[in-house]
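So the chains spell out like this:
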Amino acid sequence: MSDVLPFPATVSSAVSGRFWALVPCAGTGVRAAPPGGGMAAWPKQYQNVAGQPLVLHTLAAFAGVARLAGTLVAVAPGDLFFQAHAHAAFFAVDCGGATRAATVEAGLRALRTRGAAAHDWVLVHDAARCLVTTAQIDALIDACAHDAVGGLLAHKLPDTLKTATAGPGGFRVAGTVDRSDKWLAQTPQMFRIGMLQDALERAGAQVTDEAGAVEAMGLHPRLVEGGAQNFKVTYPEDFALAEAVLATRRHGATLERFGGGVIADPDHSKDDAGWT
Ligand SMILES: Nc1ccn([C@@H]2O[C@H](COP(=O)(O)OP(=O)(O)OP(=O)(O)O)[C@@H](O)[C@H]2O)c(=O)n1
Ligand SMILES: C[C@](O)(CO)[C@H](O)COP(=O)(O)O
């Protein structure tokens, strides 16, 4: 199979454009609920991790990226969290939708309404990936800013990969999959806003990441290693993993490091334990 890419790998810097961040933050975190069920008083992105709501770790990493023209946090309609956690480094818009893709599409429209251009870049990042670092975000921008398509942080699969079948006694191995070309997609995922809007419109609301929509147009986004620590907090045990990683970071990113405007609601942490 030819390894010649079907398109130029780079474009001139004349169309470089600005860089925006879009943080989908409108999920309910069903899989993160504690064993025994019960809905969370607060979705997982607001649960306390290492002394502050999870999403503020995420936003602190983005606040350190000097090249960003702005960071939009897309929250669910009626979500008032950021009324008590406003900061100059980001702005919240209650445009969340029924799926992650719907939230991202609405967030892109909100960015365009606020002046983002179709040829500007957007970095879409899960609020729940709270261990991303400013250096990783900058590395993705450096790798993709002159790319013809864009790209994403991802992690090369470290384990043997199995497929499974479900049976009366649970799951059993169906087979082993060659892992040599397998990567775990992470975020941020970085694409030109107009191209991503078109791709998501074509792909529909069930697409699970931005790159999938872009691939469906026949394009091949760049993969940039994000490392094992850039995981998404998804299950109950992930909170302790995130705490452990943050504990190893001497100078954890906090929004206070990036100037005033933090209206922290310290009492909110009491709510964060409020799984019901
Ligand atoms: N309708 C949705 C669903 C998800 N997300 C966001 O997309 C990110 C990744 O999604 P996921 O980890 O699946 O979060 P949830 O959908 O909240 O989790 P679950 O599927 O367990 O309910 C999260 O930061 C989540 O807040 C969103 O903005 N809008
Ligand atoms: C975007 C993503 O994090 C890449 O792995 C993933 O697709 C999100 O999936 P989720 O089911 O919405 O968590």
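The structure reproduced in this document is the subject of the present report. (Residues numbered from 1 in each chain as written. Chains lettered and ligands numbered in written order. Predicted model: local features only at pLDDT ≥ 70, side-chain atom pairs only at ≥ 80, totals over all residues. Heavy atoms only, no water.)

What surrounds ligand 2 is the set Arg31, Arg100, Asp126, Arg129, Ala185, Thr187, Thr208, Asp209 and Lys232. One of the side-chain N or O atoms of Arg31 is found 3.2 Å from an oxygen atom in ligand 2. In isolation ligand 2 exposes 360 Å². Once the protein is present, 75% of that is buried. Residues that form the shell around ligand 2 fall into these classes: one nonpolar, two polar and six charged. (Near = heavy atom within 4 Å. Polar contact = N/O pair within 3.5 Å; in protein donor to acceptor, adjacent residues only side chain to side chain. Areas by Shrake-Rupley, 256 points an atom, 1.4 Å probe, with all protein chains shown as cover. Nonpolar A, V, L, I, M, F, W, Y, C, P; charged D, E, K, R; others polar.)

Now for the nonpolar core. Generally speaking, a soluble globular protein has its nonpolar side chains buried in company with each other. Within the largest apolar cluster, 28 residues are counted, with the highest numbers of intra-cluster contacts made by Leu22, Leu108, Val122 and Leu196. Considering every element that reaches this core, the biggest residue donor is helix α2 (residues 100-113), with six residues. Ala61, Phe62, Leu68 and Leu140 belong to the second largest nonpolar core, which has 17 residues in total. (Core = buried A, V, L, I, M, F, W, Y, C linked by side-chain atoms within 4.5 Å. Buried < 20%, exposed > 50% of the residue type's maximum accessible area, 1.4 Å probe, protein only. Helix = DSSP H or I, 4+ residues; strand = E, 2+ residues; numbered from the N terminus.)

Of all residues adjacent to ligand 1, which total 19 residues, the nearest are Gly29, Val30, Arg31, Lys44 and Thr103. In this structure, an oxygen atom belonging to ligand 1 sits 2.7 Å away from a main-chain N or O atom of Gly29. Thr103 places a polar side-chain atom, nitrogen or oxygen, 2.9 Å from a nitrogen atom of ligand 1. When ligand 1 sits alone it has 560 Å² of accessible area, and the protein chains cover 87% of it. When grouped by side-chain class, the residues that make up the shell around ligand 1 number seven nonpolar, seven polar and five charged.

On inspection of all chains with the given rule, the structure shows nine salt bridges. Between Asp120 and Arg18 there is a salt bridge, with the nearest N and O atoms lying 3.1 Å from each other. Of this pair, Asp120 sits in the loop between α2 and β6 (121-124) while Arg18 is found in the segment before β1 (19-24), placing the two residues 102 residues apart along the sequence. A residue is classified by how much of its surface remains accessible, and Arg18, at 40% relative accessible area, is partly exposed. Counted as one network, the salt bridges with shared partners bring together Arg100, Asp126, Arg129 and Glu210. (Salt bridge = Lys/Arg side-chain N within 4 Å of Asp/Glu carboxyl O.)

Take helix α4 (residues 193-203) next. Because each turn of an α-helix spans 3.6 residues, side chains separated by three or four positions in sequence point in the same direction. Those residues of α4 lying buried are Ile193, Met195, Leu196, Gln197, Ala199 and Leu200. Looking at the packing, one finds that the buried side of α4 touches β1, α2, β6, β10 (183-192) and α5 (210-215). Residue Gly204 follows α4 closely and has a positive phi angle near 90°. (Contact = heavy atoms within 4.5 Å.)

What follows concerns the sheet that holds β10. The mixed open sheet is built from seven strands, whose spatial order is β5-β4-β1-β6-β10-β7-β11. Where the open sheet ends on each side, the last strands, each with one partner, are β5 (91-93) and β11 (222-225). Strand after strand, the sheet turns through a mean of 30° between neighbouring axes, direction not considered. Each of β1, β4 (68-74) and β10 touches helix α1 (residues 54-63); the most contacted strand, β4, lies at about 165° to it. On top of the sheet, α4 reaches β1, β6 and β10; it is set at about 120° to β10, its chief contact. (Pairing = 2+ DSSP bridges. Axes fitted to C-alpha atoms, helices over the stretch in contact; angles between N-to-C directions.)

So far we have only geometry, and geometry alone does not tell us how the molecule works.
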